[in-house]
Amino acid sequence: MNFESKILSREISQLLWEREETLSTAESCTGGLVASRIIEIPGASAVFKCGVVAYQNEIKENVLGVPCEIIKEHTEVSAECALAMARGVAR
């Protein structure tokens, strides 16, 4: 992890801890990189709940609940799909 990424990950973890909030990730093209960066920080288990790598559309739909219409209309790499994935992992 480069220096800037480590600082950002540490800052995110610290903010979550201070606010007594947690983080879950739903990733596709990044293949779990965001979750990986967060859990490299000592104490991450206090703020990190889970990460889902939904690379295939079937997983986006069946695990995260992304409506197939969103993927058909906007594609799996759209902002609409990312928002639906975020909502799904939050559930």
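In short, a report on the structure. (Residues numbered from 1 in each chain as written. Predicted model: local features only at pLDDT ≥ 70, side-chain atom pairs only at ≥ 80, totals over all residues. Heavy atoms only, no water.)

## Notes on the overall build of the protein chain
And then number 1: When its secondary structure is counted, the protein chain shows five helices and two strands.
And then number 2: Put simply, the protein chain runs from its N terminus to its C terminus through helices and strands in the order α-β-α-β-α-α-α.
And then number 3: The principal-axis extent of the C-alpha atoms belonging to the protein chain is close to 40 × 25 × 15 Å.
And then number 4: Taking contacts inside the protein chain between residues at least 6 apart in sequence as the whole, the part at least 24 apart equals 57%.
And then number 5: Put simply, the protein chain shows about 6,100 Å² of open surface, and 54% of that area lies on carbon and sulfur atoms.
And then number 6: Across the protein chain, the centroid of the 9 positively charged side chains sits 3 Å from that of the 13 negatively charged ones. (Helix = DSSP H or I, 4+ residues; strand = E, 2+ residues; numbered from the N terminus. Contact = heavy atoms within 4.5 Å. Areas by Shrake-Rupley, 256 points an atom, 1.4 Å probe, with all protein chains shown as cover. Lys, Arg positive; Asp, Glu negative; His and termini not counted. Charge placed at Lys NZ, Arg CZ, Asp CG, Glu CD.)

## As for the pairing of strand β2 (residues 48-53)
And then number 1: Where strand β1 (residues 23-27) lies against β2, five bridges are found, and the strand directions are parallel. Of the residues in β2, the one forming a bridge with T25 is G51.
And then number 2: After leaving β1, the chain enters helix α2 (residues 33-39) and then returns to the sheet as β2, a path that is right-handed. (Pairing = 2+ DSSP bridges. Right-handed = clockwise from strand over helix to strand, strands pointing away.)

## Some details on the nonpolar core
Generally speaking, soluble globular proteins have nonpolar side chains that are buried together.
And then number 1: Counting residues in hydrophobic clusters, the biggest one holds nine residues: V52, A54, L64, V66, I71, C81, A84, M85 and V89.
And then number 2: The dominant element in this core, judged by the number of residues it contributes, is helix α5 (residues 79-90), at four residues.
And then number 3: Other than its neighbours up to four places away in sequence, A84 contacts L64, V66, P67 and I70. (Core = buried A, V, L, I, M, F, W, Y, C linked by side-chain atoms within 4.5 Å. Buried < 20%, exposed > 50% of the residue type's maximum accessible area, 1.4 Å probe, protein only.)

## Re the environment of G51
And then number 1: Within the secondary structure, G51 sits in strand β2.
And then number 2: The spacing of G51 and E61 is ten residues in sequence and 16 Å in space, taken between C-alpha atoms.

## With respect to a negative patch on the surface
And then number 1: Where like charges cluster on the molecular surface, the negative patch consists of E58, E61, E69, E73 and E80.
And then number 2: With respect to the helices, strands and loops of the structure, E73 is situated in helix α4 (residues 68-74). (Patch = residues over 30% accessible without salt bridge, like charges linked within 9 Å, V, L, I, M, F, W, Y side chains within 5 Å. Salt bridge = Lys/Arg side-chain N within 4 Å of Asp/Glu carboxyl O.)

## Overview of unusual backbone geometry
And then number 1: One non-glycine residue with positive phi stands out, namely E20, at about 55°.
And then number 2: With respect to the helices and strands, the residue E20 is situated in the loop between α1 (3-19) and β1.
And then number 3: Located in the positive-phi region is T75, a residue other than glycine, with phi close to 80°.
And then number 4: Inspection of the secondary structure assignment puts T75 in the loop between α4 and α5.

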